[in-house]
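Listed below are the residues making up each chain.
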Amino acid sequence: MYIQLEGQILSYEKDGEGSPVILLHGNGESHEIFDVLSQQLTKNHTVYAIDSRGQGGSATPNSYHYKDMAKDVILFITSLEIEKPSIIGFSDGGVIALLVAMERSDLLSSIVVCGANLSPKGLKGSALREIKKLYKKNGSPLVQMMLVEPNINESELQKISVPTLICAGDDDMIKPKETEKIFHNIPGAKGHIFKNATHSSYVEHSDALMSVLPVFWGEE
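Residues numbered from 1 in each chain as written. Predicted model: local features only at pLDDT ≥ 70, side-chain atom pairs only at ≥ 80, totals over all residues. Heavy atoms only, no water.

S.K.: Help me understand the overall build of the protein in this model?
M.R.: Regarding its fold elements, the protein presents seven helices and eight strands. Relative to its length of 220 residues, the protein is compact, with a C-alpha radius of gyration of 16 Å against a globular reference of 17 Å. Expressed as a percentage of its 220 residues, the buried residues of the protein come to 55%. Counting every atom, the protein has about 10,300 Å² of accessible surface; 48% of that belongs to carbon and sulfur. Taking the 20 positively charged and 28 negatively charged side chains of the protein as two groups, their mean positions are separated by 10 Å. (Helix = DSSP H or I, 4+ residues; strand = E, 2+ residues; numbered from the N terminus. Rg over C-alpha atoms; globule rule 2.2 N^0.38 Å. Buried < 20%, exposed > 50% of the residue type's maximum accessible area, 1.4 Å probe, protein only. Areas by Shrake-Rupley, 256 points an atom, 1.4 Å probe, with all protein chains shown as cover. Lys, Arg positive; Asp, Glu negative; His and termini not counted. Charge placed at Lys NZ, Arg CZ, Asp CG, Glu CD.)

Okay, here's the thing in structure tokens:
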């Protein structure tokens, strides 16, 4: 399905019934990374799996900024009149989830943030080097975005007023101190570190999040 939001066309899939959940993927990916998780979520939830601007089936914008992607999600929620969704965001999607909750916590019921960073300095040196190498190779503005954004001040996280779960892998590309900084600056946030997990292994084509989501959402 497609929706036009102030000139930006987004592609998304909707499936299932029950309380709404929005899924936001990482850089250069599409909603398809959530295929396994979606199968579990749709048993009890209406799942909206969005392709972020310029990725998957969504239209390519003139430029890429996390704040514009967050605006897309806010417009998506208000345009479709989705009542109090929970957002699950991975990597770039986690950054977007933080920005949406900072701006419009009133629209949400909760956020689940997986492998997010507040700035490029929050990435491990090895990850930054790989991103720089990739950008040098392909010159993609989408890749470049990760080298200059996000720029979230930790004090801004205090604006988030919905239940928040911060997740990461124990072998993540995000520095552990960055994950801790996010966790400690969001009022009442909960955290979970997945064992024997990389940045993406517990999210992409995996239902490992189901080990923590029902408890977090109070469904058990």
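And the narrative resumes.
S.K.: How should I be thinking about the pairing of strand E8 (residues 190-198) in this particular structure?
M.R.: Side chains on a regular strand alternate between the two faces of the sheet. Across six bridges, the pairing between strand E7 (residues 164-171) and E8 is parallel. Residue leucine 165 lies in a different strand from E8, and its bridge partner there is lysine 190. On the question of chirality, the crossover connecting E7 to the parallel E8 by way of helix H6 (residues 176-185) is right-handed. (Pairing = 2+ DSSP bridges. Right-handed = clockwise from strand over helix to strand, strands pointing away.)

S.K.: How should unusual backbone geometry be read in this particular structure?
M.R.: Following glutamate 149, the chain continues to proline 150 via a peptide bond in cis, the omega torsion being 0 degrees. Residue position: proline 150 is located in the loop between helix H5 (141-148) and E7. Positioned with a positive phi, glutamate 6 is a non-glycine residue whose angle comes to about 50 degrees. Following the sequence through the fold, glutamate 6 ends up in the loop between strand E1 (2-5) and strand E2 (8-15).

S.K.: Before we go on, may I ask you to explain the sheet that holds strand E6 (residues 110-114) in this structure?
M.R.: Pairing between the strands of a sheet comes from backbone hydrogen bonds, and it takes one of two forms, parallel or antiparallel. With respect to topology, eight strands assemble into an open sheet ordered E1-E2-E4-E3-E5-E6-E7-E8, the strand pairing being mixed. In this open sheet, the two strands that pair with only one neighbour each are E1 and E8. Pairs of neighbouring strands in the sheet enclose a mean axial angle of 20 degrees, with direction left out of account. Strands E1, E2, strand E3 (19-24), strand E4 (45-51) and strand E5 (86-90) of the sheet are contacted by helix H2 (residues 66-79), whose axis makes an angle of about 110 degrees with E1. Across the sheet, H6 lies against E7 and E8, angled at about 165 degrees from E7, the strand it touches most. (Axes fitted to C-alpha atoms, helices over the stretch in contact; angles between N-to-C directions. Contact = heavy atoms within 4.5 Å.)

S.K.: What is the right way to read the environment of glycine 57 from this model?
M.R.: Within the secondary structure layout, glycine 57 lies in the loop between E4 and H2. In contact with glycine 57, other than residues within four places in its own chain, are Tyr2, Ser11 and Asp51.

S.K.: Please explain the side chain of threonine 42 as it appears in this structure.
M.R.: With respect to the element layout, threonine 42 can be found in the loop between helix H1 (35-41) and E4. Judged by its relative accessible area of 18%, threonine 42 falls in the buried class. Filtering out sequence-adjacent residues up to four positions away, threonine 42 remains in contact with Asp15, Gly16, Glu17 and Val47.

S.K.: Even after reading the chapter, I still don't get a negative patch on the surface, so can you show me in this structure?
M.R.: A cluster of acidic residues, Glu13, Asp15, Glu32 and Asp35, forms a negative patch at the surface. Along the polypeptide, aspartate 15 turns up in strand E2. (Patch = residues over 30% accessible without salt bridge, like charges linked within 9 Å, V, L, I, M, F, W, Y side chains within 5 Å. Salt bridge = Lys/Arg side-chain N within 4 Å of Asp/Glu carboxyl O.)

S.K.: Honestly, the pattern of salt bridges in this entry has me stumped. Any pointers?
M.R.: Side chains that differ in charge, positive against negative, can pair when their charged atoms come close. Applying the stated criterion to the full structure yields seven salt bridges. Across the pair glutamate 6 and lysine 71 runs a salt bridge, and its minimum N-O distance is 3.2 Å. Taken together, the residues span a long stretch of sequence, with glutamate 6 in the loop between E1 and E2 and lysine 71 in helix H2 at a distance of 65 residues. Given a relative accessible area of 43%, lysine 71 falls into the partly exposed group.

S.K.: I tried to follow the packing of aromatic side chains on my own but got confused; where do I start?
M.R.: The description of an aromatic ring pair uses the distance of the two centres, along with the angle that the planes make with each other. Inspection of the entire model under this criterion finds three aromatic pairs. Centroid distance tyrosine 12 to phenylalanine 76: 4.9 Å. Interplanar angle 85 degrees. Geometry classified as edge-to-face. With tyrosine 12 in strand E2 and phenylalanine 76 in helix H2, this pair connects stretches of sequence that are 64 residues apart. Under the relative-accessibility criterion, phenylalanine 76 is labelled buried at 0%. Judged by centre distance (4.4 Å) and plane angle (15 degrees), the rings of phenylalanine 194 and tyrosine 202 are stacked. With respect to burial, phenylalanine 194 and tyrosine 202 carry one shared label: buried. Through successive ring pairs, a cluster of aromatic residues spans Tyr12, Tyr48 and Phe76. (Phe/Tyr/Trp six-rings, centres within 6.5 Å; stacked < 30°, edge-to-face > 60°.)

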